2 protein chains.
Amino acid sequence: MQTKSVDIIVLNGTVLTMDAQETLMMNGAVAIKGDKIVALGPADAFSEFKAKRIIDAHGGIIMPGLVNTHTHASMTCFRGLADDLPLMTWLNDYIFPAESKLDEERVYRGALLACAEMILSGITCFCDMYLFEDAVARAAKDAGMRAVVGEVLYDFPSPNYGPLEKGFAYTEMLIDKWKDDELINIAVEPHSTYLCAPDLLKRASILALKHDLPLVIHVSETRNEVDLIKDKYGLTPVGFLEDLGVLSPNLLACHCVVLTEEDISLLHRFNVKVSHNPESNMKLASGIAPIPELLKEGVCVGLGTDGCASNNNLDIFLEMDTAAKLHKVNTFDPTVMDARTVVRMSTMEGAKALGLGDVTGSLEIGKKADLIVIDTKKPHLVPMYNPYSHVVYAVKGSDVAASIINGKVVMEDGRLLTMDMDNVMEDLRKIAQQIRNGD
Amino acid sequence: MQTKSVDIIVLNGTVLTMDAQETLMMNGAVAIKGDKIVALGPADAFSEFKAKRIIDAHGGIIMPGLVNTHTHASMTCFRGLADDLPLMTWLNDYIFPAESKLDEERVYRGALLACAEMILSGITCFCDMYLFEDAVARAAKDAGMRAVVGEVLYDFPSPNYGPLEKGFAYTEMLIDKWKDDELINIAVEPHSTYLCAPDLLKRASILALKHDLPLVIHVSETRNEVDLIKDKYGLTPVGFLEDLGVLSPNLLACHCVVLTEEDISLLHRFNVKVSHNPESNMKLASGIAPIPELLKEGVCVGLGTDGCASNNNLDIFLEMDTAAKLHKVNTFDPTVMDARTVVRMSTMEGAKALGLGDVTGSLEIGKKADLIVIDTKKPHLVPMYNPYSHVVYAVKGSDVAASIINGKVVMEDGRLLTMDMDNVMEDLRKIAQQIRNGD
């Protein structure tokens, strides 16, 4: 019998593959060679494998890394800067003034801290929209995280690139610079229908389609936004995007809180992807997105944390728990958003939403090795009757014991292996002191 | 200058006292002698103190231990046994059959695991309603937790005491047995207006008043319950309890999801206390309690996890985060349930709700030393602009580094000092295997 030589074997755990059949192995193992999964199955099928490194799950859960489909990573700089305020006070008196003083350095440091927080809580891939996104790409790369990043585009001058024309140039620079990267993917990211003129939206869409990239945009986050677009164009934001020819399978519509039935069927017809951010929508009192209806229609929905200034964390385990519970109480139906559905949203559906369905989101031979190990030897995770239920309703981000991204171990035993966590935190404390001083 | 000799000094942290003035000390310390807090103030006022033991908060947060005002601790045995089901299927096909096989031993083991989970996530005091409550009292005592426990009373025979008459005898036994205990307090606990006849409710109320004990009951948890009581008695559950003369300041009404304006003013008029259990109410799709209205009226509201089979955890940090966000989105007002209000609910208001306002819930000289230390040297807790916001929106149960109850250190550096955690977990795994087998 031939010995199969691999780099890493993760073993001794319940494996949730999240493949199309939702294959589950009670005592399974995953073998990794280079950046890919090369074998998975019951533990006893691995006897002829030789691995350079063994990661023992100690009876815990082995599952795909979580996908955060919408965030503004560098807003860690503003975590808890202001809360419990009306939206416009929060934005105009706190967030916008602080953002006007952002630079490449602060965005990089903020994003690196965000990557630390995300890796430690089981996220292996995130989609970011912000300013100075080249710095976010560098931070993700340095942290060893998979990311989809795009510079935010809008009608007014940006603290990064200045006038819009340069925003498109900056986006094209990002596309060119990162095109062959194994971890970083670029998206085209117009902010929203209320901050972007029709020409901007159309041009962004054409650019995204030309390079086959995701087009990421905020859509129908608040009642106020929908009223504004209706007043201006006589259409809902979704209807307006259809009118412009922007609805397409590469579009990721973030939030989608206030939708009409017609909006929902448009999103389905054009195979638009949706990012659901329940905690941010709750904290900002925006509303509750009609996710059960979107799922029923067959729309692909992933989960997102949004920026941590409106959350105030970047933890997809918390979003799973909240999403499952929020829609139950909102529909008075305890059967909606069952645990399997929610785990799928945070893994495979999230990957599809970012155009990375062939790359990550499930444990399958040939896919990139993006996976996490959950330590279940803790009082709050005993007993375990059902691993899906556990992942949604009982596991916390702090239970993630190990994380592998693109075949590389980035965290083990709660220790980050790609950065010096103390330095990263100290950098952010200094930035926060400057922000407090109005600098 | 005289040296002041104390047992423990907790120092080097931001102290949230949660006293009436909400005194906050940026670099404060707390001194403990015996079971009591004997001094607190800025760190430099402690130079003449000598302590047998120093607990260094390392720049973290020092605050009162959290109060869980409503749970069924031993339901840890059923964590994740069944989820995402209609209420009656969940109860009749899963929970009731499993509960019918409970005994003193299972209840003790389940409660001990619950205490482990609660201590590790910062809870120092809980109120329990279940069967075999003497076993819960023993578990809390062995774990070193402060608890209010009461045997559930209802019209049908109990797996513990048999007929109702023996339920009252059991309760009186508990009152007598635990009357001088420093940690365990007994309550009288009729289940609800739908499982308890008028005579039971009146008799329970008289017994509670006679011994000056809390009277704990489920009230208006679902629309269905309210309709049932209206059909039967022509009154809402709250109105019915008033009619029976049961509303009083010692009554703790758990859930209060479906209330009329008249109910709210009755609760206020009789100074009834309310336990708010947002996550359980969401998961069971019961509804959203009108907490902002209750607070506006001046009703004392604490937070509770409910049993972990309908949650599926016992974590008050998660309830705080959820409560703050849920009521914002439900009222479309981001200013309701601000962070300070929510921290007060989980500490001082919770203590008042259990009749322990003079004992625990705040850090004040002369009160029992029930306090926790939060480690803020973690990426998701950097930077910190506002400690209240941090506690509600960013801190997780797993960030609690140390816990002191009644002057005794029960947890330090994430290690439980009052029990062997591995044994406690192994016991529960065995019980779960028996439950799976239908034993």
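Residues numbered from 1 in each chain as written. Chains lettered and ligands numbered in written order. Predicted model: local features only at pLDDT ≥ 70, side-chain atom pairs only at ≥ 80, totals over all residues. Heavy atoms only, no water.

Caption draft 1: View of the side chain of R79(B). Structurally, R79(B) can be placed in the loop between β6 (66-71) and α1 (87-100). One polar contact links the side chain of R79(B) to the main-chain carbonyl oxygen of P379(A), over a distance of 3.1 Å. (Helix = DSSP H or I, 4+ residues; strand = E, 2+ residues; numbered from the N terminus. Polar contact = N/O pair within 3.5 Å; in protein donor to acceptor, adjacent residues only side chain to side chain.)

Caption draft 2: A look at the pattern of salt bridges. Applying the stated criterion across every chain yields a total of 50 salt bridges over all chains. Here R138(A) ties to E104(A) by a salt bridge, and the two come within 3.1 Å at their closest N and O atoms. Separated by 34 residues along the polypeptide, R138(A) in helix α3 (residues 133-143) and E104(A) in helix α2 (residues 104-120) bring together distant segments of the chain. Between D315(A) and K396(B) there is a salt bridge, and its shortest N-O distance comes to 2.4 Å. With one member in each of two chains, D315(A) in the loop between β14 (301-303) and α11 (316-331) and K396(B) in the loop between α14 (387-394) and β16 (400-405) form a pair that bridges those chains. Like D315(A), the residue K396(B) is buried in the burial classification. In this structure, a network of salt bridges that share partners links the residues E22(A), R340(A) and R344(A). (Salt bridge = Lys/Arg side-chain N within 4 Å of Asp/Glu carboxyl O. Buried < 20%, exposed > 50% of the residue type's maximum accessible area, 1.4 Å probe, protein only.)

Caption draft 3: How the structure looks around helix α2 (residues 104-120) of chain B. Residues and elements named next belong to chain B. Taking 1.5 Å as the rise per residue, α2 with 17 residues should run 24 Å; its terminal C-alpha atoms sit 24 Å apart, in good agreement. Taken across its 17 residues, α2 has 14 buried, putting it largely inside the fold. Downstream of α2 by a residue or two, G122 has a phi angle that is positive, lying close to 95 degrees. (Expected span 1.5 Å × (residues − 1).)

Caption draft 4: Examining the domain arrangement of chain A more closely. Residue and element names in this part refer to chain A. Annotation of chain A at the domain level lists domain 1 (4-64 + 367-416) and domain 2 (66-353). Just the C-alpha atoms count here: the centres of domain 1 and domain 2 sit 28 Å apart. Taken together, the contact between domain 1 and domain 2 spans 26 residues of the former and 28 residues of the latter. Of the roughly 2,300 Å² buried between domain 1 and domain 2, counting both surfaces, carbon and sulfur atoms make up 66%. (Domains from an automatic or database assignment. Contact = heavy atoms within 4.5 Å. Buried area = accessible area lost by both parts, 1.4 Å probe.)

Caption draft 5: The sheet that holds strand β12 (residues 251-255) of chain B, seen in detail. Residues and elements named next belong to chain B. The strand order β11-β12-β13-β14 describes an open sheet built from four strands, whose pairing is parallel. The sheet terminates laterally at β11 (215-219) and β14 (301-303), the two strands that pair on one side only. The sheet shows a mean angle of 30 degrees between the axes of neighbouring strands, direction not considered. Bridge analysis of β11 against β12 gives five bridges, and the strand direction is parallel. Opposite L215, over in β12, you have L251 as the bridge partner. Sitting on the sheet, helix α12 (residues 339-346) is in contact with β13 (273-276) and β14, with an inclination near 80 degrees to β14. (Pairing = 2+ DSSP bridges. Axes fitted to C-alpha atoms, helices over the stretch in contact; angles between N-to-C directions.)

Caption draft 6: Up close: the interface of chain A and chain B. Listed by partner, the interface residues are 65 residues for chain A and 65 residues for chain B. A per-residue breakdown of the area chain A buries against chain B is headed by D84(A), P379(A) and Y385(A), which together make up 16% of the total. Put simply, chain A and chain B have six salt bridges between them. Two residues, E279(A) and K325(B), come together in a salt bridge whose shortest N-O distance is 2.8 Å. Inspection of the region where chain A meets chain B yields 31 residue pairs in polar contact (both at pLDDT 80 or more). Residue assignment for the side of chain A that touches chain B shows that the elements contributing at least two residues are α2, α9 (278-283), α11, α14 (387-394) and α15 (421-436) of chain A. By residue number, the principal contributor to the side of chain A that touches chain B is α15(A), which donates seven residues. Along the lines of polarity and charge, the residues of the side of chain A that touches chain B split into 33 nonpolar, 15 polar and 17 charged. (Nonpolar A, V, L, I, M, F, W, Y, C, P; charged D, E, K, R; others polar.)

Caption draft 7: Structural view of the relation of the copies chain A and chain B. Rotating chain A by 180 degrees and translating it 0.0 Å along the rotation axis places it on chain B, where the RMSD comes to 0.0 Å. On the angle and the small slide along the axis, the relation comes out as a two-fold axis. Closest to the rotation axis within chain A is the C-alpha of S398(A), separated from it by 3.3 Å. A symmetric contact is evident, with 100% of the interface residues of chain A recurring at the interface of chain B. (Least-squares fit on C-alpha atoms with pLDDT ≥ 70 in both.)

Caption draft 8: Broad picture of the pairing of β6(B). All names here are of chain B. In terms of burial, β6 is a largely internal element, six of the six residues being buried. Here β6 runs beside strand β7 (residues 123-130); their pairing, made up of four bridges, is parallel. Paired with V67 across the bridge in β7 is C125.

Caption draft 9: Fine view of the packing of aromatic side chains. Residues and elements named next belong to chain A. Here the structure, examined in full by the defined rule, presents six aromatic pairs over all chains. Ring centres of F46 and F49 lie 4.9 Å apart, and the angle between their planes is 35 degrees; on these two criteria the pair is classed as tilted. The two residues F46 and F49 agree in class, both being buried. For the ring pair Y233 and F240, a centre distance of 3.8 Å and an interplane angle of 10 degrees mean the geometry is stacked. Residue classification places Y233 among the partly exposed positions, given a relative accessible area of 25%. (Phe/Tyr/Trp six-rings, centres within 6.5 Å; stacked < 30°, edge-to-face > 60°.)

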